[in-house]
Structure formats: structure tokens, C-alpha cells
Amino acid sequence: MASRASIGLFSILFGAGAFAFWNVYGDGAQAEEKAVASAKKPLIEFTSDGKAKKPVGYRKWIYIGTPVTPNDMNGGEASFPEFHNVYIDPESFDHLEKTGEYRDGTVLVKELTSVGTKKASSGNGYFEGEFTGLEMSVKDSKRFAGDPGSWGYFSFGHKYPLKEAVAKNDVASCNSCHETNAKNFVFSAHYPVLRAAFSTDKK
Ligand code: HEC
């Protein structure tokens, strides 16, 4: 006959087991929900009046290179100071590698940083300082149907705090320079990672 003590022990063990079961499956379901939610979340967001919201998470995208136009080589004031760390969203990078084309929905982010120091133990040079600005280009044949190449250009500012949401820049102030001087609107010649992606001999 089961003693009171063993019934008590049984209910404690059963209770712990049921709790563990609930815990594992409860967490699993939550993680799945989160994954579904993040898969559905668009890469970038727009306000109801068509402004682009400041992108998030782009530092985890594909980093493609860093042109630098330092102020001291540009009369003290470069138009895009100073380092430009450029990222492309991962799915568009995959598509680019496979097809050589920028898919509809491609997002490129260029994050500006200051020149911090010009000396390091490796030698003299330009070394990145602080984050200073953020720009973005987006290819979207519906939203930017009227713009050359369907590319929209956005500037969140060249000093912190950055703007939270901005309207598209005029074609003349951004798009036309890209249209005239870059291949397919993107300055891929300056990004070794893109050059390698276009090459048939992919690393
Ligand atoms: C006078 C020409 C010119 C104008 C005007 C211009 N850009 Fe660019 N842009 C460049 C060049 C050159 C690069 C690549 C080298 C670099 O970053 O210095 C570039 C790179 C970029 C990139 C990285 C992806 C790419 O296409 O290579 C973004 C994003 C960008 N520009 C956004 C903008 C925005 C937003 C504006 C308007 C506020 C703008 N640009 C105006 C010349 C221009």
C-alpha cells in the first residue's frame, strides 16, 4: 500500500515533470512564433505618408566595403564624410550572386563614421572613429516607379542624433549621380565583396 510519503513524492515528481514538459514546449512554441513574426517583418519600414523609417539591424547584413572621403582631402568638408561602411541585405546579396542583378526590394545602407585617429601601432593612416551619419538606397518598382531605375534615396543625416524617418531625396540630389556614374546605380567598382560576387570565380 502506498504510504502518504510516497504519494507525496510521486506528486512532487509528476508536478516537476509536467512543469518541465510545459516549459520546454511552451518556450519552443514561443520561439517559433518569434521566428514567424521576424520572417514576416519587412526589411525596412515606411510611415503612412511614405517616409522611410531609420533602418535597424543592418550591421548584421552583408558588409561590402568602406570607401573613405576624408575631410582633409576635400577642402575640409567632404560631401559624404568620411568613412562609408556599406551593407546590402542578405537575400538581395544571394540573388545578386546567382543572377548578377539587383532584385526588386534590394536595400543598401551606407553608414558614415568619422576619422578617429591617424596613428596606430600598424602605422599612419585613417582609422574609424564614431558613427556620424546614415544613408540608404532602395530599389522598389512599385514605390519608386517614377524614379530612374526604381531606386529611392534617403539621408538620415550627417550628424547624431539621426532622423527617425525621412522623405525621399530629389532625383537630382542623389539618384542622378548614381545613374550617371555607377553601373546599375550601385558603385560596385568600389566594393571588393560585390566585385567578387559578380565574378564567375566565386570565393
Ligand atoms: C556626386 C555623386 C553622388 C551624389 C550626388 C550622391 N552619391 Fe551616393 N555615392 C556616390 C559614390 C561615388 C558612392 C560610392 C563611393 C563612396 O561611398 O564614396 C556612393 C555610394 C552610396 C551608397 C552606397 C551604395 C552604392 O550605391 O554604392 C548609398 C546608399 C548612397 N550613395 C546614397 C546616397 C544618397 C542618399 C544621396 C543623396 C543624399 C547620394 N548618395 C548622393 C556618389 C554620389
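Coordinates for the structure precede this section.
Please read these numbers as outputs of a predicted model, since none were measured by experiment.

Trainee: It is not clear to me how the overall build of the protein should be interpreted in this structure. Could you clarify?
Mentor: What the protein contains, in helices and strands, is 4 helices and 9 strands. Start at the N end of the protein and walk to the C end: the helices and strands fall as α-β-β-β-α-β-β-β-β-β-β-α-α. Residues classed as buried in the protein amount to 22% of the 203 residues present. Within the protein, counting contacts between residues at least 6 apart in sequence, those at least 24 apart form 50% of the total.

Trainee: Any chance you could explain the environment of G125 here in plain terms?
Mentor: Within the fold, G125 resides in the loop between β6 (123-124) and β7 (128-139). Residue G125 is classed as exposed on the basis of its C-beta count, with 11 C-beta atoms lying within 10 Å. The spacing of G125 and V115 is 10 residues in sequence and 9.6 Å in space, taken between C-alpha atoms.

Trainee: Just to check I follow, could you spell out the nonpolar core for this structure?
Mentor: In a soluble, globular protein the nonpolar side chains are often hidden away together inside. Ranked by size, the top nonpolar core spans 27 residues in total, and within it I64, Y87, V107, L108, V109 and M136 carry the most contacts. Elements with a minimum of two residues in this core: β3 (83-88), β4 (107-115), β7, β8 (151-155) and α4 (192-198).

Trainee: Could you clarify how one ought to interpret the sheet that holds strand β2 (residues 62-65) in this entry?
Mentor: Strands pair in a sheet through their backbones, by hydrogen bonds, and they do so in one of two ways: parallel or antiparallel. Taken together, 5 strands build an open sheet; the order of strands is β2-β3-β4-β7-β8 and the sheet is antiparallel. Taken across any chain shown, the strands that pair with only one partner, and hence form the sheet edges, are β2 and β8. Strand-to-strand twist of the sheet, defined as the mean angle between neighbouring strand axes without regard to direction, takes the value 30°. For β2 and β3, the ladder comprises 3 bridges, and the chain directions are antiparallel. Looking at β3, one finds that I62 is bridged to I88.

Trainee: I would appreciate a short explanation of the environment of Y153 in the present structure.
Mentor: One can find Y153 in strand β8. Between the alpha carbons of Y153 and V171 there is a distance of 8.0 Å; along the sequence they are 18 residues apart. Filtering out sequence-adjacent residues up to four positions away, Y153 remains in contact with S137, K168, N169, C174 and N175.

Trainee: Sorry, what's going on with the pairing of β8 here?
Mentor: Note on strand geometry: in a regular strand, side chains alternate between the two faces of the sheet. With 5 of 5 residues buried, β8 lies mostly within the body of the structure. The alternating pattern of β8 places W151, Y153 and S155 on one face and G152 and F154 on the opposite face, and all of these are buried. Pairing between β7 and β8: 5 bridges, direction antiparallel. Within β8, the position partnered with V138 by the bridge is G152.

Trainee: Any chance you could explain the site of the ligand here in plain terms?
Mentor: For the ligand, the set of nearby residues contains 22 residues, the closest of which are P67, Y153, C174, C177 and F187. Contributions of two or more residues to the shell around the ligand are made by β3, β4, β7, β8 and α3 (171-181). Element by element, the count of residues in the shell around the ligand is highest for α3, at 4 residues. Among the residues forming the shell around the ligand, the class breakdown is 12 nonpolar, 8 polar and 2 charged.

Trainee: Could you clarify how one ought to interpret the environment of F185 in this entry?
Mentor: Structurally, F185 can be placed in the loop between α3 and α4. With 46 residues separating them along the chain, F185 and K139 place their C-alpha atoms 9.8 Å apart. Discounting chain neighbours no more than four positions away, the residues touching F185 are G149, W151, H178 and E179.

Trainee: It is not clear to me how unusual backbone geometry should be interpreted in this structure. Could you clarify?
Mentor: Across the chain, the bulk of peptide bonds are trans and the bulk of non-glycine residues have phi less than zero. Here the amide bond leading from P81 into E82 is cis, since omega sits at -15°, within 30 degrees of zero. Of note, E82 is situated in the loop between β2 and β3. We note that S150 has phi near 60°; this positive angle belongs to a residue other than glycine. Positive phi outside glycine occurs at N184, with the angle close to 55°. With respect to the helices and strands, N184 occurs in the loop between α3 and α4. Taking the C-beta count within 10 Å as the criterion, N184 has 14 such neighbours and is therefore assigned partly exposed.

Reading the values: the criteria
- Residues numbered from 1 in each chain as written.
- Predicted model: local features only at pLDDT ≥ 70, side-chain atom pairs only at ≥ 80, totals over all residues.
- Helix = DSSP H or I, 4+ residues; strand = E, 2+ residues; numbered from the N terminus.
- Buried ≥ 20, exposed ≤ 12 C-beta atoms within 10 Å, placed from the backbone.
- Contact = placed C-beta atoms within 7 Å.
- Core = buried A, V, L, I, M, F, W, Y, C linked by C-beta atoms within 7 Å.
- Pairing = 2+ DSSP bridges.
- Axes fitted to C-alpha atoms, helices over the stretch in contact; angles between N-to-C directions.
- Near = placed C-beta within 6 Å.
- Nonpolar A, V, L, I, M, F, W, Y, C, P; charged D, E, K, R; others polar.

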